[in-house]
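# A closer look at the structure
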Amino acid sequence: MTDASPDGWETKLLGDNAYIKARIGWRGLSSSEYTDVGPYLIAGKHLRNGRILWSECDHISKARFDESYEIQLAEHDVIISKDGTIGRLGFVKDLPGPATINGTMMLIRPNSDLHAKFVYHYLEGDKFSKLVAEKVSGSSVPHIFQRDMVELPIDCPTLPEQKKIASILTSVDEVIENTQKQIDKLQDLKKATMKELLTKGIGHTEFKDSELGRIPKSWEVKRLIDLVSIKHGFAFEGKYFTSIPNGKILLTPGNFHRDGHLYFGDKTKYYAGEPPEEYILRNGDLLIVMTDLTAEMTILGNTVILSSPNIVLHNQRIGKVGFSDEDFHSDFLNLLMNSDYVKTSVKLTATGTTVRHTSPTKIMECDVPIPPLSEQRKITSAISSIQNNIEEKQNKLSKTQSLKRSLMQDLLTFRSSDAKRMWRDNIK
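This text gives an overview of the structure that appears in the document.

Along its length, the chain carries ten helices and 23 strands. Taken over 428 residues, the chain has a buried fraction of 45%. For the chain, contacts bridging at least 24 residues in sequence account for 75% of all contacts bridging at least 6. Surface exposure of the chain reaches about 22100 Å², of which carbon and sulfur atoms provide 49%. Charged side chains of the chain number 56 positive and 56 negative; the gap between the two group centres comes to 1 Å.

Okay, here's the thing in structure tokens:
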């Protein structure tokens, strides 16, 4: 407990105030034993922003479920991934039936002196995040041991105050969750609208057969090579690679997300040398991934339009797409490169077993349906309207997540005068 903590707070060991269990090995349980129905089996991949994605969980037989009563879940349990992507949290709410956790997870069931949702939010906070970061950086196979959780100190107010803090943070979580649901629906709408407009167009009644199936009569089928150029990136010298931020980002496939955005996090690569001028990217450049990360992480063919305040370098395995046809709308190009036509074709051109690759030449052999320029503009406008709505919701989500981080810092640490004032005005 720090000097800045309010009266009534005390430091408790989680293991003295919670039931903590994990299951190692599951007596040889394998995926071949999973069933279509039966008790739920939860892994880290089934957690999203604290929620358990019940519809995506695996199932096991009741006989297998009964083997490990010690990790059978109850309402308001906290679960955490202890292997793989460690530190991923879930809160058991509205339990749909018998459920348990697989061997990569750990169960935390607070006793009557701790409010379960307070513990969940505490584990989201900086102190526990630092422990996770130490585990990740200190081992080639990161792992949270049961003793780590048993010996974890938690700064706790009284139980009524825990409930008030948890209520504030949970209300922010609800805004985050609802906003994310709105984004997901808009993303689905955008995908469906793109599929409709890039195959049937706008207001057409006459269609014709083509190499790509039925398309509007006024459309043409062209190869990408007749419309665009794709330039390969540069093989930058490894001796100049650095993890120290210096404003010159070395773009890699790992920076591409499936949602069409670039992500620059802790593992971002920087370049300490002097890059060739022609391989410095510009905001507005359309980029395409030509190499998968792993067999499980399929990002091949993903495209983004660059927008970054940093210098971003055109690295190998990334293609830069330009267009040369005057009857081709630049914004329509991005839609086309994200279409099922192109993405499916790109994947078909790829070679390799563990990690697949393709090339500019192979990509440009793809056939695509092309509407007249005037209709390209109309299609682009329709999709842009949905995308603008998505970006508005994403901005709201980002601001709310930032608010939550600030609230957690204030409510769970009390290091600032603002925190003390918040405590006095809103909690006490």
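Spatially, the three strands line up as an open sheet ordered β6-β3-β9, and their pairing is mixed. If you trace the sheet from one side to the other, it starts and ends with β6 (58-59) and β9 (99-101), each paired once. Bridge analysis of strand β3 (residues 35-42) against β9 gives three bridges, and the strand direction is parallel. Paired with L41 across the strands is T100, a residue of β9.

Formed by 41 residues in total, the largest nonpolar core has its most connected members in L14, I108, L123, F128 and M149. The contacts of L123, once residues within four sequence positions are left out, are V78, L89, I108, F128, M149 and L152.

Below, the discussion takes up the pairing of strand β22 (residues 318-323). A regular strand carries its side chains on alternate faces of the sheet. Two elements, strand β15 (residues 228-232) and β22, share five bridges in a ladder whose sense is antiparallel. Paired with H232 across the strands is G319, a residue of β22. Here strand β19 (residues 286-289) runs beside β22; their pairing, made up of four bridges, is antiparallel. In the strand pairing of β22, L287 is matched with K320.

Another aspect to go through is the side chain of E375. Structurally, E375 is set in helix α9 (residues 373-413). The buried charged residue E375 lacks any salt bridge, with K378 as its nearest oppositely charged partner at 7.4 Å. A polar contact is formed between the side chain of E375 and the backbone nitrogen of I202, at a distance of 2.9 Å. Of the polar contacts made by the side chain of E375, one reaches the side chain of H204; its length is 2.8 Å.

Strand order across the open sheet formed by four strands is β2-β10-β7-β8, with antiparallel pairing between neighbours. A single partner strand is all that each edge strand has here, and the edge strands are β2 (18-22) and β8 (89-91). The average undirected angle you get between the axes of adjacent strands in this sheet is 20°. Contacts between helix α2 (residues 116-124) and the sheet are confined to β7 (78-81), β8 and β10 (105-110), with β8 contributing the most and set at about 165° to the helix.

For the rest of this paragraph, the subject is the environment of L107. Here L107 is to be found in strand β10. Owing to a relative accessible area of 0%, L107 belongs among the buried residues under this scheme. Put simply, L107 and V150 are 43 residues apart on the chain and 11 Å apart in space, counted from C-alpha to C-alpha. What L107 contacts, discounting residues up to four positions off in sequence, is Y19, I20, K21, E70, I71, Q72, L73, D77, V78, I79 and I101.

On to helix α6 (residues 330-337), then. When you tally the buried positions in α6, you get six out of eight residues, the bulk of the element. Among the residues of α6, those classed as buried are F332, L333, N334, L335, L336 and M337.

Attention now moves to the environment of K93. Topologically, K93 is positioned in the loop between β8 and β9. Exposure remark for K93: the relative accessible area of 48% places this residue in the partly exposed category. Linking K93 and V150, residues 57 residues apart in sequence, is a C-alpha distance of 23 Å. In this structure, K93 is in contact with W54 and E75, ignoring residues within four places of it in sequence.

For the rest of this paragraph, the subject is unusual backbone geometry. Positive phi values are uncommon outside glycine, yet N49 reaches one of about 50°. Within the element layout of this structure, N49 appears in the loop between β4 (47-48) and β5 (51-52). Of the residues examined, N49 reaches a relative accessible area of 55% and is grouped as exposed. In this model, R317 sits at a positive phi of 75°, which is unusual for a non-glycine residue. Position of R317 relative to the elements: it lies in the loop between β21 (311-313) and β22.

Rules behind the numbers
- Residues numbered from 1 in each chain as written.
- Predicted model: local features only at pLDDT ≥ 70, side-chain atom pairs only at ≥ 80, totals over all residues.
- Heavy atoms only, no water.
- Helix = DSSP H or I, 4+ residues; strand = E, 2+ residues; numbered from the N terminus.
- Buried < 20%, exposed > 50% of the residue type's maximum accessible area, 1.4 Å probe, protein only.
- Contact = heavy atoms within 4.5 Å.
- Areas by Shrake-Rupley, 256 points an atom, 1.4 Å probe, with all protein chains shown as cover.
- Lys, Arg positive; Asp, Glu negative; His and termini not counted.
- Charge placed at Lys NZ, Arg CZ, Asp CG, Glu CD.
- Pairing = 2+ DSSP bridges.
- Core = buried A, V, L, I, M, F, W, Y, C linked by side-chain atoms within 4.5 Å.
- Salt bridge = Lys/Arg side-chain N within 4 Å of Asp/Glu carboxyl O.
- Polar contact = N/O pair within 3.5 Å; in protein donor to acceptor, adjacent residues only side chain to side chain.
- Axes fitted to C-alpha atoms, helices over the stretch in contact; angles between N-to-C directions.

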